[in-house]
Amino acid sequence: MKAGVIAVQGDVAEHAAAVRNAAAAHDKSAEVVEIRESEVVPDCDVLLMPGGESTTISRLIHREGIAAEIRDHVAAGKPILATCAGLIVCSTDAKDDRVEPLGLVDVSVDRNAFGRQKDSFEAKVPVTGLDDPFHAVFIRAPAIDDVGDGVETLATVDGRPVAVRDGPVVATAFHPELTDDPRIHDLAFFPEREVVA
């Protein structure tokens, strides 16, 4: 499996380790490539869109010609996991004129919904498809305000969606790569199997 991490900004190494762990649980190996320019995405089986600064990520993927390739990847039914700022970039409405969203997840997003850096927190979050709650790390986390008809809500915090699935895209407001638990990556890339703790 060839896994591409959109590496213009964010937790690249952590996502690489998590997707390798998820693949190993299925007796597969994952070749991880860092994507900073066009013509790499088409060779990837799965993609990861890390957190970071959504305005910077949006600007760079459009400038480098990566944005259209990400859309084509999803249109072909290939999976992508988008986390934190990645959720904002993949949304249909980022509620920020500085972000040109990819429109891959039919949601509107409230940036920094849970507060600033000092308001970061961790929580045990029940997630659809996982037997046990996931230890989620929220850092300047967004929340989803509105969910489209075809979008499945996988997890909520205080009544607000923080993880969703829209076709081949799984998007989270939290950072699953900052834990040793690969189950969110497993859920995104191996949905045919029930994910257990």
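Just so you know, these numbers come straight off a predicted model, no measurement behind them.

1. Quick word on the packing of aromatic side chains
Okay, step 1: Scanning the model with the defined rule gives three aromatic pairs in all.
Okay, step 2: Look at Phe121 and Phe138: their rings are 4.5 Å apart centre to centre, the planes differ by 5°, and that puts the pair in the stacked class. You can see Phe121 sitting in strand E7 (residues 121-125) and its partner Phe138 sitting in strand E8 (residues 134-138), a full 17 residues away along the chain.
Okay, step 3: Its relative accessible area of 1% is what places Phe138 among the buried residues.
Okay, step 4: Ring pairs connect the aromatic residues Phe121, Phe134, Phe138 and Phe174, which therefore count as one cluster.

2. So, helix H2 (residues 54-63)
Okay, step 1: Turning to H2, its buried residues are Ser54, Thr55, Ile57, Ser58, Leu60 and Ile61.
Okay, step 2: Structurally, H2 contributes buried residues whose contacts are with strand E1 (2-6), strand E3 (46-49), helix H3 (66-75) and helix H4 (85-90).
Okay, step 3: In the stretch just after H2, Gly65 is the one whose phi turns positive, near 80°.

3. Examining the sheet that holds strand E5 (residues 91-93)
Backbone-to-backbone hydrogen bonds join strands into a sheet, with any given pair of strands oriented parallel or antiparallel.
Okay, step 1: One open sheet accounts for three strands, arranged E5-E6-E9; its pairing is mixed. Both outer strands of the open sheet, E5 and strand E9 (143-147), are each paired with one neighbouring strand and no more. Geometrically, the sheet is characterised by an average inter-axis angle of 55° between neighbouring strands, direction not taken into account.
Okay, step 2: Strand direction decides the pairing type here: E5 and strand E6 (residues 105-110), joined by two bridges, are parallel. Bridging from a neighbouring strand, Asp93 pairs with Ser108 of E6.

4. Digging into a negative patch on the surface
Okay, step 1: A cluster of acidic side chains, namely Asp93, Asp106, Asp146 and Asp149, defines a negative patch on the protein surface.
Okay, step 2: Note that Asp106 resides in strand E6.

5. Overview of the side chain of Glu69
Okay, step 1: Checked against the element boundaries, Glu69 lands in helix H3.
Okay, step 2: One buried charged side chain, Glu69, makes no salt bridge at all; its nearest oppositely charged neighbour is Lys78, positioned 11 Å away.
Okay, step 3: Of the polar contacts made by the side chain of Glu69, one reaches the backbone nitrogen of Glu39; its length is 2.8 Å.
Okay, step 4: Not counting the four nearest positions on each side in its chain, Glu69 is found in contact with Ser38, Glu39, Val40, Val41 and Pro42.

6. Observations concerning the sheet that holds strand E10 (residues 152-157)
Okay, step 1: The strand order E2-E1-E3-E4-E12-E11-E10 describes an open sheet built from seven strands, whose pairing is mixed. Two strands in the sheet have a free side with no partner beyond their single neighbour: strand E2 (31-35) and E10. The sheet shows a mean angle of 20° between the axes of neighbouring strands, taken without regard to direction.
Okay, step 2: Summarising the sheet, E3 and strand E4 (residues 80-83) pair through three bridges and their orientation is parallel. Bridging from a neighbouring strand, Leu48 pairs with Leu81 of E4.

Conventions adopted
Residues numbered from 1 in each chain as written. Predicted model: local features only at pLDDT ≥ 70, side-chain atom pairs only at ≥ 80, totals over all residues. Heavy atoms only, no water. Phe/Tyr/Trp six-rings, centres within 6.5 Å; stacked < 30°, edge-to-face > 60°. Helix = DSSP H or I, 4+ residues; strand = E, 2+ residues; numbered from the N terminus. Buried < 20%, exposed > 50% of the residue type's maximum accessible area, 1.4 Å probe, protein only. Contact = heavy atoms within 4.5 Å. Pairing = 2+ DSSP bridges. Axes fitted to C-alpha atoms, helices over the stretch in contact; angles between N-to-C directions. Patch = residues over 30% accessible without salt bridge, like charges linked within 9 Å, V, L, I, M, F, W, Y side chains within 5 Å. Areas by Shrake-Rupley, 256 points an atom, 1.4 Å probe, with all protein chains shown as cover. Salt bridge = Lys/Arg side-chain N within 4 Å of Asp/Glu carboxyl O. Lys, Arg positive; Asp, Glu negative; His and termini not counted. Charge placed at Lys NZ, Arg CZ, Asp CG, Glu CD. Polar contact = N/O pair within 3.5 Å; in protein donor to acceptor, adjacent residues only side chain to side chain.

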